Every structure is written in structure tokens, then in C-alpha cells.
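Reading the structure
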Amino acid sequence: MVRAEILPAKYLGVPLSTKKMSLAQWKPLIEKMAYWSQLFLIPSKVLKTIEAYCRSYVWSGGNVITRRSLVAWKKMCTPKSAGGLDLINFKLWNKAAIAKNHWDLAHKVDKLWIKWIHSYYMKGKLVTDMPIPQQASWLVRKMIEARDVVEPTQNLTKSNSNLIRQLYYLMLGQLPRVEWKLFLFTNEARAKAKFTMWLYFQDRLLTSDRVVRWGMQVNTLCILCHSHDESRNHLFAEYAFAKRLWNRVLLWMQRRPYRANSWSQYRKWAMGSAKGNPRMLLLSKWFMLKKFTPSGMRGTFKS
């Protein structure tokens, strides 16, 4: 007897279900992708196609590749401390997985394939300085060539199960940190509010001043006051209602009114007030992420 909501078939290990599947049901496909990414250096064209589908889904919600995006995918793949969303850079992750195999070769992990490479190709030589065996397969050559990545990493933990992640962040390098991350992350606000505020900090919202710079013909006047051009600074700081809202919230927080002429001044003031003050930080998060609904957000690129 077959349940009506589940089809009696699987594709790539995943059940063909008519309902939303759980993480456990997706796990076979995830494991297959992780497995193959650790064995093969995936061609750049394939990785670019995968990233294009992921990028298009983030910005349009569909499975059709489009170039429309407010923030570059490379930026979104940077750590949260650097102003990104900590998404995976597939190309770097794949290289880190191959470098991890090189690390296993160098430390002679007790695996059958490593023993075979040692006996057939290395023959007592060190993987760190041996010549690349031209008769070896493409995969073996790539694993040995990965020593350029692994050799500078002297402080990696040998028994660490997250070695790929360590190599991955090593390849990302040291990136400048952003101060405003404290308002966005480790926050209980809904994901949409945090993502919208993240776009505000990046100055990438679809306000009229940005749309005009793209060559589109739109009415640049603010739809709220009809007297000034719409911009991030206007909506958050210069608009009269925004100023009144700032002052009312500050009074409710029992803080002295703070007058500023730009969004960056408000942001700097909030960050300075929140440092070392958990209560102020919590209130600032609540205000900036839950109550300050950005009227400049015009949705995504579905049109």
C-alpha cells in the first residue's frame, strides 16, 4: 500500500515527493554532491553554471538563469564579518577539498587509495617536493599540485574533521571587517528584515536614485513626501517622518534626542552607543531590523 503523498520512486537518492521534503530526505543528494566535490576538480564552466542558478534563485526566486542581482555573488560569499552572507564559494570549496586530499597524502592517512598512490607513484618520496608524475591520472596530478595551497598552512590540526573548511577560509584570505555586522547577525528578527537591512548597509536597495543610474526612466520623487528625490539617506534620515520616528524611539529608550543629517551619522551613533552596552545593542537591533520597515524596498527582480 503506497501513501498518496509519496511517489514510489527516487531520483539521485531523493524521493519524488509531492510535498515539501525534509532535510533528512535531501541528505542523500547533499552527500553525493559533497562526495564528488572532494574527488574531482569540477570544471570552471560547471561551477559557474551552478553559481548562476543559485544567484538567480536568490534574486528572482526562479530556476531560470538571469544576470539580475543587487550584490555580486563573490561579495555574498564572503564571511559575515566582512559584510557578506557567508555563502559557499563553490570554486574555492572544490579547491579546498582537493587540497585536503593532498594533506591526507602528506600525512599518510590510513586509507587504501593513499597507500596505492604511495606505492605506485611516490615510492618513498615526499609529496611536498616530488616531481609531478606525468604518467599519473589527471586527478592524482591535481592532488599533488595542491601542495602550493597546503604547504603554507603549518598550524592546521591534523585530526580536525573540518580541515576543508580551514583550507577554504585560508584561500579566502584576510578581508576587511565591517562594524555594522553587530546589528544583523545573532539576531532574532525575521530573515526578510535582516536581508533588507543588509542591502541597506550595502547601499544596494532599489531606490529611485539607483534605478536612474541604470538608465531606467522612473519618477525620482519620494513616494511618501513627493518633494525630494528618493534615496537611502532620504528614507532613513532626511525624511521628516523618519526623523520623528528616530526621536520617538530614543525617548522610549530614555536616550537624549540625536540629530543627524545622514544615515551614516545615525549608523555611527548607534554603533558607538551599542558597544559595551548589551541593552542598547538589543534595542538598536530591535529598532533597526523590526520596526524601521524600509519603504524604499521595491521587491525583487520578479518583474
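Each remark here, short or long, concerns the structure printed above.
The numbering scheme is per chain: residues are counted from 1 as the chain's sequence reads. Confidence filtering applies because this is a predicted model: local features only for residues at pLDDT of at least 70, side-chain atom pairs given and counted only at 80 or more, and all residues used for totals across whole chains, interfaces and linings. Neither water nor hydrogens contribute to the side-chain values; these are computed over all heavy atoms in the structure.

1. Description of the environment of Tyr 258
To keep it simple, the criterion reads: What counts as a helix is a DSSP run of H or I of at least four residues, what counts as a strand is a run of E of at least two, and both are numbered from the N terminus. Burial status follows relative accessibility: with a 1.4 Å probe on protein chains alone, a residue under 20% of its type maximum counts as buried, one over 50% as exposed, and anything between as partly exposed. Here, residues are in contact when the closest pair of their heavy atoms is within 4.5 Å.
Relative to the helices and strands, Tyr 258 is located in the loop between helix 12 (240-252) and helix 13 (263-274). On the basis of relative accessible area, Tyr 258 is assigned to the partly exposed category, the value being 24%. Sequence separation of Tyr 258 and Asn 247 is eleven residues, and the distance between their C-alpha atoms is 7.2 Å. For Tyr 258, the residues in contact, after removing those within four places along its chain, are Asn 247, Leu 250, Gln 265, Tyr 266 and Trp 269.

2. Some details on the packing of helix 2 (residues 44-60) against helix 4 (residues 90-107)
For any two helices packed against each other, the geometry comes down to the angle between their axes and how far apart the axes lie. The cut-off we apply is this: Throughout, an axis means a line fitted to C-alpha atoms (over the contacting stretch in the case of helices), and angles, computed between N-to-C directions, take values from 0 to 180 degrees. Orientation labels follow simple angle bins: below 35 degrees gives roughly parallel, above 145 gives roughly antiparallel, 65 to 115 gives roughly perpendicular, and whatever is left gives oblique. Polar here means any residue other than Ala, Val, Leu, Ile, Met, Phe, Trp, Tyr, Cys and Pro, which are nonpolar, and Asp, Glu, Lys and Arg, which are charged; Gly is therefore polar.
Here helix 2 crosses helix 4 at 135°, and the two axes come no closer than 9 Å. Taken together, the axis directions place helix 2 and helix 4 in an arrangement best described as oblique. Contacts from Ser 44, Leu 47, Ile 50, Glu 51 and Cys 54 in helix 2 reach Phe 90, Lys 91 and Asn 94 in helix 4. A class-by-class count of the residues in the contact of helix 2 with helix 4 yields four nonpolar, two polar and two charged.

3. Some details on the packing of aromatic side chains
We count it as follows: To pair, rings of Phe, Tyr and Trp, with the six-membered ring standing in for Trp, must have centres within 6.5 Å; the planes then decide the type, stacked if under 30 degrees apart, edge-to-face if over 60, and tilted in the middle.
Evaluation of the coordinates by the stated rule reveals nine aromatic pairs. Note on Tyr 120 and Tyr 121: the rings are 4.9 Å apart at their centroids and 85° apart in plane angle, and the pair reads as edge-to-face. A ring pair is formed by Tyr 239 and Phe 241, whose centres lie 6.3 Å apart and whose planes are at 50°; its orientation type is tilted. On the basis of relative accessibility, which here comes to 17%, the residue Tyr 239 falls in the buried class. Members of the aromatic cluster, joined through ring pairs, are Trp 59, Phe 195 and Trp 198.

4. Points about a positive patch on the surface
Test applied: Only residues whose relative accessible area exceeds 30% and that take part in no salt bridge are eligible for patches, with like-charged residues grouped when within 9 Å of each other and nonpolar side chains (Val, Leu, Ile, Met, Phe, Trp, Tyr) grouped when within 5 Å. Shrake-Rupley sampling with a 1.4 Å probe provides the accessible areas, and residues are treated as covered by the protein chains on show and by no other component. Any carboxyl oxygen of Asp or Glu within 4 Å of a side-chain nitrogen of Lys or Arg constitutes a salt bridge here. Working convention for charge: Lys and Arg count positive, Asp and Glu count negative, and His plus the chain ends are omitted. For this purpose, a charge sits on NZ of Lys, CZ of Arg, CG of Asp or CD of Glu.
Positive charge collects at one region of the surface, where Lys 45, Lys 48, Lys 91 and Lys 95 lie side by side. Of all the secondary-structure elements, those providing two or more residues to the positive patch are helix 2 and helix 4. With respect to the element layout, Lys 91 can be found in helix 4. You can call Lys 91 partly exposed: its relative accessible area is 38%.

5. Description of helix 5 (residues 112-122)
Rules: Note that the arc is computed from the directions linking the helix axis to the C-beta atoms.
The complete set of buried residues in helix 5 reads Ile 114, Ile 117, His 118, Tyr 121 and Met 122. Projected onto a plane normal to the axis of helix 5, the buried residues spread over an arc of 110° and lie on a single side. Exposed residues on helix 5 whose side chains face more than 90 degrees from its buried face are Leu 112 and Ser 119. Here the buried face of helix 5 lies against helix 4 and helix 6 (138-145).

6. Notes on a nonpolar patch on the surface
Judged by side-chain polarity, Val 212, Trp 214, Met 216 and Val 218 come together as a nonpolar surface patch covering roughly 340 Å² of accessible area. The topology assignment puts Met 216 in the loop between helix 10 (208-213) and helix 11 (232-238).

7. Here we look at unusual backbone geometry
Of note, the phi angle at Asp 86 is positive, near 60°, even though the residue is not glycine. Along the polypeptide, Asp 86 turns up in the loop between helix 3 (73-76) and helix 4. Positive phi, close to 55°, is recorded for His 226, a residue that is not glycine. When you line up the elements, His 226 lands in the loop between helix 10 and helix 11.

8. Some thoughts on the pattern of salt bridges
Per the stated rule, a full pass over the model turns up four salt bridges. In this structure, Lys 100 and Asp 104 form a salt bridge, with 3.1 Å as the shortest nitrogen-oxygen distance. Here Lys 100 and its partner Asp 104 are both found in helix 4, four residues apart, which amounts to about one turn of the helix. By relative accessible area, Lys 100 is classed as buried at 18%. On the basis of relative accessibility, which here comes to 3%, the residue Asp 104 falls in the buried class. Where Lys 142 meets Glu 145, a salt bridge forms, and the shortest distance between an N and an O atom there is 3.7 Å. Taken together, the residues Lys 142 and Glu 145, both in helix 6 and three residues apart, mark about one turn of the helix. Under the relative-accessibility criterion, Lys 142 is labelled partly exposed at 27%. Judged by its relative accessible area of 36%, Glu 145 is partly exposed. One salt-bridge network, in which partners are shared between bridges, spans Lys 100, Asp 104 and Lys 111.

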